[in-house]
Amino acid sequence: MISTLGGFTLFLALGVTLYAAAASVLGARQGREDWLASSRNAVLAHFCLVTLAIFLLEYALVTSDFSLRYVANNSTRASLTRYKIAGLWGSLEGSILLWEWLQSLMAALVVARYSGGGGSEAPSGTRQLLPYVQAVLQGISAFFLILMAFGANPFARIFPVPPDGRGLNPLLEVTDMLIHPLLLYLGYVGFSVPYAFAMAALVTGRPTEEWLRITRRWTVVAWLFLTGGIFYGGWWSYRTLGWGGYWAWDPVENASFMPWLTGTAFIHSVMIQERKRMLKVWNLTLITLTFTLVIFGTFLTRSGILGSVHAFADGPVGMMFLAFLALVLFFSFGLVAYRSDQLKGHGELDSILSRESAFLLNNLVLVGICFTVFLGTIFPLLSEAVRGNKISVGTPYFNKVSVPLGMALLLLMGIGPLIAWGRASLNNLKRNFLKPGLAAVLGAALLYALGVRQVQVLVAFGLCFFVIGTIVFEFWVATRTRARMMGESVLAAFGTLLLKSRRRYGGLIVHLGVVIAILGIAVSSVYKVEREQTLKPGDRLSLGRYSVRFEGLAAGERPTHILVWANLQAFRDGRPLHELMPGQRFYPNQQSPFASVDARYHWSEDLYVILSAFERDGSSATIKVIVNPMISWIWIGGGVILLGVLVAVLPERRLALLALRAKAQVA
Amino acid sequence: MSWKKALIPLASVPLIILLAYGFWTDPRAIPSPLVRQAAPSFRLALYDGDPLSLEGLKGKPVVLNFWASWCYPACYEEAPLLEATWRKYRDQGLMVVGVDIQDKEANAREFMRRFDFSFPNGPDPGSKISIDYGVYGVPETFFIDRQGRIKYKHVGALTPAVMEEQVRAILRET
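**Concerning the overall build of chain B**
Broken down by element type, chain B carries six helices and seven strands. Its C-alpha atoms give chain B a radius of gyration of 21 Å, clearly above 16 Å, the size a compact globule of 174 residues would have. Buried positions account for 33% of the 174 residues belonging to chain B.

This is how it looks when you write it as structure tokens:
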């Protein structure tokens with residue numbers, strides 16, 4: 001029943017989406033407003049149909065209808081309802097349905113936002129671009145629907161109906177599973193909107209700056225979701241996977257990192273085009289790359305051509321993704337080639353000492369990192385094609401290349417926002433960079449005096465001090481100037497400043513968040529210490545200022561698994577600190593146990609303990625203790641980035657209203 | 001559009017070709033160091049109550065299959081093939097042995113009843129046998145010749161073609 005209905009809904013949605021694409025293009029070509037209106041309705045109908053399909057699959061998941069193959073593979077009767085719901089994105093077919101739903105949601109949002117041809121406040125040109133934007137977005141939707149119809153049907157039946165399903169991987173039965181994938185998918189899907197506008201600008205022969213202005217907020221919000229998804233994923237794996245790390249350069253992680261890099265480059269380089277009308281081709285290339293990397297990443301992880309812990313699924317899906325990837329590349333770059341006469345830049349670089357060139361360098365570094373990661377990710381394939389043997393490159397390769405490039409990026413992050421557009425005068429340089437530069441040198445010297453000898457750490461800290469210096473300096477100077485000129489209090493001046501140039505100051509806050517995160521990454525990776533030891537009850541394991549005493553083993557039955565844990569008493573400087581209970585979870589359906597990490601999280605350093613092994617009679621346990629200094633700064637940095645983006649994108653009127661209200665309360 | 005311009009989109013062709021090449025490679029081909037080595041010995045307490053050990057099967061070719069009742073769909077797909085192979089070749093001396101790993105006994109018995117298993121099957125408490133054989137996931141099948149050497153290891157559900165070819169190979173060896 002659900003199978004038939006679901007399959008039918010998806011086929012209907014495919015018909016509607018193709019109609020919407022065709023009607024919007026024809027309507028625009030022939031100037032028929034009624035066709036355009038009809039296509040907008042079709043976009044909304046498409047969204048409703050896919051929503052219905054989601055509901056059907058969720059219903060089957062929640063009611064444990066194992067006659068659907070997907071339900072049998074991704075849920076069990078014993079699962080909590082929220083994990084039955086999360087089964088929707090537990091594997092291939094369901095995640096494609098979810099993706100397609102978000103895709104249809106984006107298209108509907110575009111319609112809602114600009115209905116009636118854009119409204120009075122929409123930037124000029126929106127009206128002309130919209131029909132083609134819809135055509136591109138519906139085209140993308142059509143791909144996902146075809147994928148489900150012919151390769152990955154979430155409503156496929158099985159026979160015989162199994163008595164119980166296999167369920168999610170136990171690692172996925174955590175609350176994080178409800179958040180992390182959704183954030184990532186929103187980021188992935190979000191980038192399709194600026195991409196669609198870019199293609200529409202090319203098709204209509206209007207590849208000027210207007211599509212950038214229209215999509216700025218869409219892009220930044222997509223970037224925020226992608227960033228949030230990546231940070232959240234790191235946080236999740238750190239807290240639950242039980243190896244004490246947060247990033248492993250796994251193909252699936254790289255798949256999310258690559259579009260992030262090009263997307264970040266795009267957000268910066270559009271500023272040059274808006275101001276100098278340069279880099280048109282470059283910006284089109286970046287947004288196309290970002291979108292293709294999203295598809296590429298999904299292809300990599302879903303086609304099974306690379307062995308990854310996360311990778312699964314064979315069959316036609318990989319081929320279909322590859323065909324779509326090829327189509328997107330040919331279509332996008334074909335359009336760029338076709339319009340290349342219109343894409344000649346107007347301005348040129350006035351000086352190497354300018355914000356433009358700082359941004360350009362930033363772009364080169366970001367794309368450079370992206371290329372490195374790309375090469376490392378597909379290296380097993382490349383080496384097998386060329387030399388016939390499979391060689392994977394591991395963490396050392398990625399770290400070796402990305403650390404120096406990351407440092408260069410850090411330096412540019414300090415220079416970019418403060419150096420003058422056009423041509424920086426010596427005076428400008430002195431005024432903006434002398435004090436932050438001094439702060440950097442003094443800070444690094446202080447660390448050296450305190451005994452830090454690793455060059456990498458000194459350089460990283462020096463650069464971080466430099467960037468923080470520039471940001472604080474910029475905020476301070478601007479606030480003081482405003483307070484003096486307007487006679488406002490420092491606090492009021494600071495607030496108005498944030499409101500008046502939200503894009504600039506929001507951006508600076510994002511930079512601050514990135515620096516905080518980089519400090520966390522640098523310190524935790526260089527100063528992390530760990531020790532593993534087999535303990536008898538009463539034994540102690542010491543590591544730096546900390547020690548843990550093994551009190552004994554315990555075991556208990558949980559709804560879905562059996563938990564064995566070690567009772568530990570942690571000490572710092574000999575004083576009792578905390579009780580910790582790391583354990584191992586045993587699931588009936590899984591061959592190996594899963595770690596159940598315990599830790600004392602603190603802003604200065606985390607004490608992280610893992611139960612590696614134990615004797616069944618409780619006579620001993622092997623405990624691993626890791627001290628991770630400043631690792632929580634990574635997550636704090638993520639929070640600051642979120643704050644900065646919110647400052648940058650919250651609608652003007654909303655903020656003005658808040659400010660008014662605040663003023664009224666003061667008065 | 002001139003041919004020079006056409007080079008822009010065509011630049012992506014090598015990448016597409018490389019990725020397409022990926023379909024002809026098998027990332028699951030995990031080389032097992034056990035192949036061509038002596039099969040690790042094991043003892044199995046069968047579900048029907050008898051004991052069984054690899055030593056006791058000396059001189060017989062063995063198809064050693066690791067399965068579980070929760071392994072859906074792969075184990076369900078290959079189960080009828082295992083039973084059919086056993087019935088077809090048992091008179092020529094072939095042994096088919098099933099090792100059930102990380103399972104609940106009731107579910108396992110239900111599984112064996114469903115597929116009418118008549119070849120010997122037993123659980124692997126503590127996953128000792130699976131560890132000795134380096135089992136990566138279920139199902140995995142080892143084809144062991146009359147000398148007790150592993151001739152071939154198959155990951156994933158068996159297909160009739162692979163089964164036929166490998167069984168004939170271990171039956172032939174003397």
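Here the narrative resumes.
**Some words on the overall build of chain A**
For chain A, the helix and strand inventory stands at 20 helices and 10 strands. What you see for chain A is a C-alpha radius of gyration of 27 Å, in line with the 26 Å of a compact globule of 667 residues. Seen through its principal axes, chain A has C-alpha atoms that stretch 80 × 75 × 70 Å. Counting only residues that meet the buried cut, chain A has 48% of its 667 residues in that class. Partitioning the intrachain contacts of chain A with sequence separation of at least 6 by distance along the chain shows that 71% fall at a separation of at least 24.

**Quick look at the sheet that holds strand β5 (residues 121-123) of chain B**
Residues and elements named next belong to chain B. Across the sheet, which stays open at both edges, the five strands sit in the order β5-β4-β3-β6-β7 with mixed pairing between neighbours. Edge positions in the sheet fall to β5 and β7 (150-155), since each of these pairs with one other strand and no more. The mean inter-strand angle of the sheet, taken between neighbouring strand axes irrespective of direction, is 20 degrees. In terms of strand pairing, strand β3 (residues 62-67) meets strand β4 (residues 95-100) through six bridges, oriented parallel. Residue L64 lies in a different strand from β4, and its bridge partner there is V97.

**Points about the confidence of the model for chain B**
Overall, the prediction assigns chain B a mean pLDDT of 86, with 93% of residues at 70 or greater. This prediction of the complex comes with two scores: 0.81 for pTM and 0.72 for ipTM.

**So, the sheet that holds strand β8 (residues 598-600) of chain A**
Residue and element names in this part refer to chain A. On the basis of which strands lie adjacent, the open sheet formed by four strands has the order β1-β10-β9-β8 and antiparallel pairing. At either end of the open sheet lies a strand with only one pairing partner, and these are β1 (529-535) and β8. Pairwise comparison of adjacent strand axes, ignoring direction, gives a mean angle of 20 degrees for this sheet.

**Quick look at the pairing of strand β3 (residues 546-557) of chain A**
Residues and elements named next belong to chain A. In this sheet, β3 lies alongside strand β2 (residues 540-543) in antiparallel orientation, the contact comprising four bridges. Bridging from a neighbouring strand, S542 pairs with S547 of β3. In sequence, β2 turns back onto β3 through a hairpin of two residues, with G544 there showing a positive phi of about 60 degrees. Judged from the 11 bridges that link them, β3 and strand β4 (residues 562-572) form a sheet pairing that is antiparallel. Within β4, the residue paired with F550 across the bridge is L568. Turn length for the β3-β4 hairpin, with the two strands adjacent in sequence and antiparallel, is four residues.

**Some points on the nonpolar core**
Among soluble globular proteins, nonpolar side chains are generally buried collectively. One finds V133, F197, M199, A200, C464 and I518 of chain A to be the most contacted residues of the largest nonpolar core, which totals 178 residues. The residues touching F197 of chain A, leaving out its near neighbours within four places in the chain, are L129, V133, W211, I214 and T215 of chain A. Among the nonpolar cores identified, the runner-up in size contains 31 residues, and L82, V96, V138 and V167 of chain B belong to it.

**A few points about the packing of helix α9 (residues 210-240) of chain A against helix α19 (residues 632-649) of chain A**
Residue and element names in this part refer to chain A. As a packed pair, α9 and α19 sit with axes 10 Å apart at the nearest point and diverge in direction by 165 degrees. Relative to α19, the element α9 lies roughly antiparallel. Classified by chirality, the crossing of α19 by α9 is left-handed. Here α9 contributes R217, V220, V221, L224, T227, G228, F231, G234 and W235 to the contact with α19, which in turn contributes I634, W635, G638, I641, L642, V645, A648 and V649.

**Overview of the packing of helix α15 (residues 426-449) of chain A against helix α16 (residues 455-486) of chain A**
Packed helix pairs are characterised by how far apart their axes lie and by the angle those axes make with each other. Residue and element names in this part refer to chain A. Across the interface, α15 lies against α16 with an axial gap of 8 Å and an inter-helix angle of 145 degrees. Viewed along their axes, α15 and α16 form a crossing whose handedness is right-handed. Facing α15, whose interface residues are K435, P436, G437, A439, A440, V441, G443, A444, L447 and Y448, α16 presents L458, F461, G462, L463, F465, F466, G469, T470 and F473. Of the residues belonging to the contact of α15 with α16, the class tally is 13 nonpolar, five polar and one charged.

**Remarks on the environment of D103 of chain B**
Residues and elements named next belong to chain B. Inspection of the secondary structure puts D103 in the loop between β4 and α4 (105-114). D103 sits 22 residues away from P125 along the chain, and the two C-alpha atoms are 9.1 Å apart. In contact with D103, not counting residues within four places along its chain, are A68, S69, W70, A108 and P123.

**Describing the environment of M1 of chain A**
Among the structural elements, M1 of chain A can be located in the segment before α1 (2-30). Judged by the 9 C-beta atoms lying within 10 Å of it, M1 of chain A falls in the exposed class.

**With respect to the confidence of the model for chain A**
Averaged over all residues, the pLDDT of chain A equals 87, while 92% of them reach at least 70. Segment residues 308-313 of chain A: pLDDT under 50, and 16 contacts once partners within four positions in sequence are set aside and those in other chains are kept.

**Observations regarding unusual backbone geometry**
Not every positive phi belongs to a glycine, and M630 of chain A is a case in point at roughly 60 degrees. Along the chain, M630 of chain A turns up in the loop between β10 (621-629) and α19. For R36 of chain B, which is not glycine, the phi torsion reads 75 degrees and is therefore positive. Note on placement: R36 of chain B falls in the loop between α2 (13-21) and β1 (43-45).

**Things to note about the environment of F359 of chain A**
All names here are of chain A. Mapping F359 onto the fold places it in helix α13 (residues 355-387). Remark: the alpha-carbon pair of F359 and V529, spanning 170 residues in sequence, is separated by 38 Å. Once residues lying within four places of it in the same chain are set aside, the contact partners of F359 are H268, S269, M271, I272 and G416.

**Observations concerning α4 of chain B**
Residues and elements named next belong to chain B. The set of residues buried in α4 consists of A108, F111 and M112. Angular distribution of buried residues about the axis of α4 spans 95 degrees; they occupy a single face of the element. Away from its buried face by more than 90 degrees, α4 exposes A106, E110 and R113. The elements touched by buried residues of α4 are β4 and β5.

Definitions and cut-offs
- As a convention, each chain's residues are numbered from 1 in the sequence order in which they are written.
- Whichever chain is written first is A, and whichever ligand is written first is 1; the rest continue in order.
- For this predicted model, a pLDDT threshold of at least 70 governs which residues receive local features, and a threshold of 80 or more governs which side-chain atom pairs are given and counted, while totals over whole chains, interfaces and linings are taken from all residues.
- What counts as a helix is a DSSP run of H or I of at least four residues, what counts as a strand is a run of E of at least two, and both are numbered from the N terminus.
- The globule rule used here is 2.2 Å times the number of residues to the 0.38 power, and the radius of gyration it is set against is calculated over C-alpha atoms.
- For the exposure call, what matters is how many other C-beta atoms sit within 10 Å of a residue's own: 20 or more marks it buried, 12 or fewer exposed, and in between partly exposed, using C-beta atoms placed from the backbone.
- Residues are scored as being in contact if the C-beta atoms we place from backbone atoms lie within 7 Å.
- Two strands are said to pair when DSSP picks up at least two bridges between them.
- Axis definition: a line fitted to C-alpha atoms, limited for helices to the stretch in contact. Angles are taken between N-to-C directions and run from 0 to 180 degrees.
- A residue's pLDDT is simply how confident the predictor is in it, with values from 0 to 100.
- Note on definitions: a nonpolar core is a set of buried residues drawn from Ala, Val, Leu, Ile, Met, Phe, Trp, Tyr and Cys, linked by C-beta atoms within 7 Å.
- Just so you know how the angles are binned, under 35 degrees is roughly parallel, over 145 roughly antiparallel, 65 to 115 roughly perpendicular, and the rest oblique.
- Should the near helix be turned counterclockwise from the far one by less than a right angle, the crossing is left-handed, whereas a clockwise turn marks it as right-handed.
- Residues are grouped as follows: Ala, Val, Leu, Ile, Met, Phe, Trp, Tyr, Cys and Pro are nonpolar; Asp, Glu, Lys and Arg are charged; every other residue, Gly included, is polar.
- An arc is given here, and it is the one of the directions from the helix axis to the C-beta atoms.

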